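Report on the structure
The chain contents come next:
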Amino acid sequence: MNKTKKLLPILCLCCLALSAQQKMNDATAPLHLMQPQYDYPYGVPDKAKINSVLSKVHAYLESTTPTTIVDKNKGKEITDFKNLEKAANLTFGAADFRLVSYEWGVTYAGMLLATQATKNPKYANYTNNRISFLADLYPNLQKWEKKHPEGEHPMHAVLHPNALDDAGAICAAMLKAKREGLDAPVDPMVNNFIDYISNKQLRLLDGTLARNRPMKNSLWLDDLFMSVPALAQMGAYTNNNTYFDDATQQVLQFAERMFVPEKGLFMHAYIMDMESHPTFYWGRANGWAVMTMVELLEVLPKEHKNYNKVLELLRKHISGLAKLQSANGLWHQLLDKNDSYLETSASAIFTYAIARAINRGYIDAKAYGPAVCLAWNAVAEQVNEKGQVTGTCVGTGMGFDPAFYYYRPVNVYAAHGYGPVLLAGAEVLLLLQNAHPKMNDSAVQFYDKPVKTTAPIFSVDE
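This structure is a prediction, so every number in the text was calculated from the model and none was measured.

Attention now goes to the overall build of the chain. Within the chain one finds 16 helices and 11 strands. In terms of overall dimensions, the chain is globule-like: its C-alpha atoms have a radius of gyration of 24 Å, near the 23 Å expected for 462 residues. Oriented by its inertia axes, the alpha-carbon framework of the chain measures out at about 85 × 55 × 45 Å. In the form shown here, the chain has an accessible surface area of approximately 20300 Å², with 50% of it arising from carbon and sulfur atoms. Taking the 45 positively charged and 45 negatively charged side chains of the chain as two groups, their mean positions are separated by 5 Å.

Spelled out as structure tokens, the structure:
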């Protein structure tokens, strides 16, 4: 150990004593060891604090998303699903969030990953209990519809998906749960979702998934996540390469039209009949895209013809995203517009996706690990004491002007924030288990092996 390493802890103590007696200056104290005033905590994330955030989110959602179905007219809970036909209209019990939305598909996946990271079964139980509830309801609602063709029920979009939003994210979560051991009859729902994605959703002539909203043949970057992870999980579930072929082609064909290499970002929108396309780099849509590629590579066979193309695209996208991270760790609503607000859901998605890319060896921990730590520490600050996620942009369509994105509201009931926060926290826990971050000269650094020194500045050649 060199003399500097021995002296630095002493110097730090001397600075504290000196500050009480006389003014610090360059001649009297090592000023480079002064602690900056960060907006959010800086440094290697604390595992206990990550667990605390995950637990708070779980507790809030467990208490506000019950598994109940109610006779809408009488306000009475129905516990015997075989007697649903006695009610003309049905609804889920009072809740803060919908159990069958695409946002909740992400939440279900986040809970599953949280159990993997923490070894606490309560998170996976949350998902498994609710998916089992939906699976039990599904065949009984099919029968109920025959007797009540004009009636209302809360799983209409599950039985009759009419958009990728209705199908992809929740289907992917169901397949993940099933592959991780869930014993529930999800196959009828899964097959219905996959049939919609594969055979019923509008496509361009080359097979690219599209919508006729807000204009004919519109490509929404969001739709990558609303389709590809489900196709990929189905490929893994059935060992059918057709699903992998479709999934990879979607990513590559979207990227051909919407990825801007010089920025390393995706445009949010692409309209086939327009010569000039709206070039707004919306945060959460880029989040859906980067998470799509991470989720796809997780199950895509490495020998697949498009594996390396998807991997290279992921690396370029992560590089572009990392360059636009703000000083406090979050990303902006419009990624390249620093005067747009800092947004939680996109920031959490980026945290998860970049951490997972490190954990899977797609990118270098030394280059990107510190950005993940910075991001998680900021995201964690957006979870309040109730377990609610703050700062999340509400549902957002496709806009052709900046004001549309700048002024989208944020709300704690914007469901888009909860799954990403769970995914981010869980993946950062896994990163801390696998990697070796350490503070060195007041900065977060990642090392190939554990560093045991307690010195504030150290060399690694010893």
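Tracing the backbone through its elements, the reader meets Ala327 in the loop between helix 12 (307-322) and strand 8 (331-332). Look at Ala327 and you get exposed, because its relative accessible area is 76%. A sequence separation of 48 residues divides Ala327 from Ala375, and the C-alpha atoms of the two residues are 9.6 Å apart.

For the rest of this paragraph, the subject is the packing of helix 4 (residues 121-147) against helix 6 (residues 164-179). Look at helix 4 against helix 6: their axes get within 11 Å of each other, and the N-to-C directions meet at 110°. Comparing their axes, helix 6 and helix 4 come out roughly perpendicular. Viewed along their axes, helix 4 and helix 6 form a crossing whose handedness is left-handed. Residues Thr127, Asn128, Ile131 and Leu134 of helix 4 lie in contact with helix 6, whose contacting residues are Ile170, Ala173, Met174 and Ala177. Counted by class, the contact of helix 4 with helix 6 contains six nonpolar, two polar and no charged residues.

Over its 16 residues, helix 12 runs 23 Å from end to end, which matches the ideal 22 Å to within 8%, given 1.5 Å per residue. For helix 12, the full list of buried residues reads Tyr307, Val310, Leu311, Leu313, Leu314, His317, Ile318, Gly320 and Leu321.

In total, this model carries one cavity of 30 Å³ or more according to the counting rule given. The calculated volume of the largest cavity comes to roughly 70 Å³. Every residue lining the largest cavity is listed: Gly105, Val106, Ala109, Ala169, Ala172, Ala173, Lys176, Phe225, Pro229, Met291, Glu295 and Leu423. Residues belonging to the lining of the largest cavity are distributed by class as follows: nine nonpolar, one polar and two charged.

One can find Lys452 in the segment after strand 11 (443-447). The sequence separation of Lys452 and Leu335 amounts to 117 residues, and the corresponding C-alpha distance is 38 Å.

The full count for this structure, using the stated rule, is 16 salt bridges. One salt bridge in this structure joins Arg211 and Asp223, with 2.6 Å as the shortest N-O distance. Here Arg211, found in the loop between helix 7 (187-200) and strand 4 (218-220), pairs with Asp223, found in helix 8 (residues 222-225); they are 12 residues apart in sequence, far enough to count as distant. Between Asp336 and Lys263 there is a salt bridge, and its shortest N-O distance comes to 3.5 Å. You can see Asp336 sitting in the loop between strand 8 and strand 9 (342-343) and its partner Lys263 sitting in the loop between strand 5 (259-260) and strand 6 (265-266), a full 73 residues away along the chain. Sharing partners across several salt bridges, the network here consists of Glu298, Arg356, Arg360 and Glu427.

Right, let's talk about the nonpolar core for a bit. Membership of the largest hydrophobic core comes to 149 residues, with the highest contact counts inside it found for Leu134, Met155 and Met189. Non-local contacts of Leu134, meaning those with residues more than four positions away in its chain, are made with Phe92, Leu99, Val100, Tyr108, Met155, Ile170, Met174 and Met189.

The subject of this paragraph is unusual backbone geometry. Note the cis peptide between Arg213 and Pro214, where omega equals 0°. Checked against the element boundaries, Pro214 lands in the loop between helix 7 and strand 4. Unusually for a residue other than glycine, Lys119 sits at a positive phi of about 65°. Within the secondary structure, Lys119 sits in the loop between helix 3 (102-118) and helix 4. Judged by its relative accessible area of 68%, Lys119 is exposed. With a phi angle near 55°, Asp441 is a residue other than glycine that sits in the positive phi range. Relative to the helices and strands, Asp441 resides in the loop between strand 10 (436-440) and strand 11.

Each full turn of the α-helix corresponds to 3.6 residues, which orients residues three or four apart in the same direction. For helix 9 (residues 228-238), the tally of buried residues reaches eight of 11 residues, placing the bulk of the element in the interior. Every buried residue of helix 9 is listed here: Val228, Pro229, Ala230, Leu231, Ala232, Gln233, Met234 and Gly235. Just beyond helix 9, the residue with positive phi is Asn239, at close to 60°.

Take the side chain of Lys176 next. In this fold, Lys176 is placed in helix 6. Residue Lys176 is classed as buried on the basis of its relative accessible area of 17%. Among all residues touching Lys176, those that are not within four sequence positions of it are Ala109, Leu112, Gln233 and Glu295.

Thresholds, definitions, all that
Residues numbered from 1 in each chain as written. Predicted model: local features only at pLDDT ≥ 70, side-chain atom pairs only at ≥ 80, totals over all residues. Heavy atoms only, no water. Helix = DSSP H or I, 4+ residues; strand = E, 2+ residues; numbered from the N terminus. Rg over C-alpha atoms; globule rule 2.2 N^0.38 Å. Areas by Shrake-Rupley, 256 points an atom, 1.4 Å probe, with all protein chains shown as cover. Lys, Arg positive; Asp, Glu negative; His and termini not counted. Charge placed at Lys NZ, Arg CZ, Asp CG, Glu CD. Buried < 20%, exposed > 50% of the residue type's maximum accessible area, 1.4 Å probe, protein only. Axes fitted to C-alpha atoms, helices over the stretch in contact; angles between N-to-C directions. Parallel < 35°, antiparallel > 145°, perpendicular 65-115°, else oblique. Left-handed = near helix turned anticlockwise from the far one by under 90°. Contact = heavy atoms within 4.5 Å. Nonpolar A, V, L, I, M, F, W, Y, C, P; charged D, E, K, R; others polar. Expected span 1.5 Å × (residues − 1). 1 Å grid on protein atoms, 1.4 Å probe; cavity = no way out; pocket = protein on both sides within 12 Å on 5 of 7 lines; lining within 4 Å. Points joined across faces, edges and corners; volume = space filled by probe spheres on them. Salt bridge = Lys/Arg side-chain N within 4 Å of Asp/Glu carboxyl O. Core = buried A, V, L, I, M, F, W, Y, C linked by side-chain atoms within 4.5 Å.

It is worth stressing that arrangement in space is one thing and function is another; only the former is reported here.
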